[in-house]
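Coordinate analysis (summary)
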Amino acid sequence: MRAEDYIALEDRYNAHNYKPLDVVLNRGEGVWVWDVEGKRYLDCLSSYSALNQGHNHPRIRQAMMEQAAKLTLTGRAFRNDQLPLLAKEMCELTGYEMVLPMNTGAEAVETALKAARKWGYQVKGVPDGRAEIIVCAGNFHGRTITIVGFSTEEQYKEGFGPFTPGFITVPFGDAEALEAAITPRTVAFMVEPIQGEGGVIVPPDGYLRRGREICDNHNILLIADEIQTGLGRTGKFFGCDWEDVRPDVVVVGKALSGGLYPVSAVLADRSVLGLFNPGDHGSTFGGNPLGAAVAREALSVLVDEGLIDNAQVQGEYLVGRLQRLESDYIAEVRGRGLLVGVDLKPEARGARRFAEALKDEGVLCKETHENVLRFAPPLVITREDVDWALERIEKALTEL
Ligand SMILES: *Cc1c(COP(=O)(O)O)cnc(C)c1O
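From a predicted model like this one, the values you see are computed outputs, not experimental measurements.

Parameters and conventions
Residues numbered from 1 in each chain as written. Predicted model: local features only at pLDDT ≥ 70, side-chain atom pairs only at ≥ 80, totals over all residues. Heavy atoms only, no water. Pairing = 2+ DSSP bridges. Helix = DSSP H or I, 4+ residues; strand = E, 2+ residues; numbered from the N terminus. Axes fitted to C-alpha atoms, helices over the stretch in contact; angles between N-to-C directions. Buried < 20%, exposed > 50% of the residue type's maximum accessible area, 1.4 Å probe, protein only. Contact = heavy atoms within 4.5 Å. Salt bridge = Lys/Arg side-chain N within 4 Å of Asp/Glu carboxyl O. Core = buried A, V, L, I, M, F, W, Y, C linked by side-chain atoms within 4.5 Å. Near = heavy atom within 4 Å. Polar contact = N/O pair within 3.5 Å; in protein donor to acceptor, adjacent residues only side chain to side chain. Areas by Shrake-Rupley, 256 points an atom, 1.4 Å probe, with all protein chains shown as cover. Nonpolar A, V, L, I, M, F, W, Y, C, P; charged D, E, K, R; others polar. Parallel < 35°, antiparallel > 145°, perpendicular 65-115°, else oblique. Left-handed = near helix turned anticlockwise from the far one by under 90°.

Regarding the sheet that holds strand 14 (residues 366-368)
- Spatially, four strands are ordered 11-12-15-14 in an open sheet, and the strand pairing comes out antiparallel. Of all strands in the sheet, those with a lone pairing partner are strand 11 (330-336) and strand 14, marking the two edges. If you compare each strand with its neighbour and ignore which way they point, the axes differ by 30° on average.
- Pairing of strand 11 with strand 12 (residues 339-344) involves six bridges; the strand directions are antiparallel. Pairing of Glu332 across the sheet is with Asp343, part of strand 12.

Observations regarding the side chain of Thr74
- With respect to the element layout, Thr74 can be found in the loop between helix 3 (58-68) and helix 4 (83-94).
- On the basis of relative accessible area, Thr74 is assigned to the buried category, the value being 17%.
- Not counting the four nearest positions on each side in its chain, Thr74 is found in contact with Arg79, Asn80 and Pro289.

Some words on the pattern of salt bridges
- Under the criterion given, the structure shown has 26 salt bridges.
- Between Asp304 and Arg59 there is a salt bridge, with the nearest N and O atoms lying 3.0 Å from each other. Note that Asp304 is positioned in helix 11 (residues 289-304) and Arg59 in helix 3, a separation of 245 residues in sequence.
- By relative accessible area, Asp304 is classed as exposed at 53%.
- Relative accessible area serves as the criterion here: at 30%, Arg59 is assigned to the partly exposed category.
- Asp387 is the salt-bridge partner of Arg383, the closest N and O atoms lying 3.9 Å from each other. Of this pair, Arg383 and Asp387 both sit in helix 14 (residues 383-399), four residues apart, which is roughly one turn of the helix.

Considering the nonpolar core
- Grouped together as the largest cluster of nonpolar side chains are 65 residues, with contacts concentrated most on Leu256, Leu322, Val342, Leu344, Leu373, Phe375 and Leu397.
- Looking at this core, the element that brings in the most residues is helix 11, giving eight residues.
- Grouped together as the second largest cluster of nonpolar side chains are 31 residues, Val109, Ala131, Val135 and Ala188 included.

Thoughts on the pairing of strand 1 (residues 25-29)
- Relative to strand 2 (residues 32-35), strand 1 runs antiparallel, the two being bridged by four bridges. Considered in strand 2, the bridge of Leu25 is made with Asp35.
- If you look at the hairpin formed by strand 1 and strand 2, you'll find two residues sitting between the two strands, and Gly30 has a positive phi there, around 60°.

Looking at the site of the ligand
- All residues in the neighbourhood of the ligand are listed as Thr104, Gly105, Ala106, Phe140, His141, Gly142, Glu192, Asp225, Ile227, Gln228 and Lys254.
- In the environment of the ligand, a nitrogen atom lies 3.3 Å from a nitrogen or oxygen atom belonging to the backbone of Phe140.
- At 2.8 Å, a side-chain N or O of Gln228 approaches an oxygen atom of the ligand.
- Here the ligand, which alone exposes 380 Å², has 81% of that area covered by the protein.
- Looking at the shell around the ligand, its residues break down into three nonpolar, five polar and three charged.

Observations regarding the packing of helix 3 against helix 11
- It is at 9 Å that the axes of helix 3 and helix 11 come closest, and there the two elements cross at 160°. In terms of axis orientation, helix 3 runs roughly antiparallel to helix 11. In this structure, the crossing between helix 3 and helix 11 has a hand that is right-handed. From helix 3, Arg59, Ile60, Ala63, Met64, Gln67 and Ala68 reach across to helix 11, where they touch Pro289, Leu290, Ala293, Val294, Glu297, Ala298, Ser300, Val301 and Asp304.
- Among the residues forming the contact of helix 3 with helix 11, the class breakdown is 10 nonpolar, two polar and three charged.

Topic: the sheet that holds strand 10 (residues 264-268)
- Read from one edge to the other, the open sheet built from seven strands follows the order 4-10-9-8-7-5-6, with strand pairing classed as mixed. The outermost strands of the open sheet, each flanked by one partner alone, are strand 4 (98-102) and strand 6 (167-170). For this sheet the average axis-to-axis angle between neighbouring strands, irrespective of direction, equals 20°.
- Note: strand 7 (residues 186-191) against strand 8 (residues 221-225), four bridges, orientation parallel. Bridge pairing in strand 8 places Ala188 opposite Leu221.
- Along the sheet, helix 4 makes contact with strand 4, strand 9 (249-252) and strand 10, crossing strand 4 at roughly 125°.

Right, here's the structure in full:
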């Protein structure tokens, strides 16, 4: 079958909740992917940062195949020999006391929200049913009804109400607005260290630190959604590490499995996650031995291969080159590590046409919001590969 045949099938039989670029991939290795006609592309999206370790990482693949041949699913009705090791390794790596495993990012966010509400009632003493959680305008935390209910993106909500009450929105990057929104019923403030889907928005320096202080002063949990910014993407283990901030609750997903399998988790100390009792919360696949074995290997690959430092080094180089690029279309280049956004001026007429032109040149990236091109290649990228991509990006941004 040819690419257009797959596209026609997908368009006929799949719900159209995405508008993918017309490239049909069937193989990947490291930063490279190949389409069904054998053309090679450099993946500059990494499946929204789920592929930090690169496509088809040999060690993670091996761990997955070995575990798949032994045991894949027990449910949490029984125990398995991988989940305890994953939990221990994650806690040792991050300094938290406990882990609660889920599968997708949205589920882990929901879990963090449940944990915060429970903490609010049981520890802080908020009257039952009255807890408030503060979130930021421009957030992206997933697609469940509760989560889209506190999105400020109208399209994410339209037609999906009614929504879960108890969420208050404040502008992102504005610590004073956060403090002003706090009431005696506030239990948590949830924030992305950098808003990824929101357009790679980096908050002002000191924002997270100030947010931490405010949460401490008002006895509120700080929840960091590190699903996109965590696990090395920004050049530190967590995005919050840039300000030496330790959130009370951290949500991880995406690259936790290196892109081989959906694995997400909530990390926190016993004072929060210890509040869950048997039966309070669960997931059939959460904590399964296949996912746990994959995540264990994916985490050690991040560390063993120095991918976090590499993200910092290559990211600085990429941002520097993009910032020096003389293009009439670029309004701003921003980002940290290998989470980079190129904000285009109105005269660029949208980011989508650049993503499409870059696809033809062999670089895969995606627009986020009308006017931002996001570049977030796997963290295994080499300087040579960055140069390869830059040559094409520079051409598209100057000649198109
Ligand atoms: C991708 C993402 C999510 C949702 O993860 P899913 O696995 O798609 O449910 C939540 N928060 C952030 C910051 C994300 O980037």
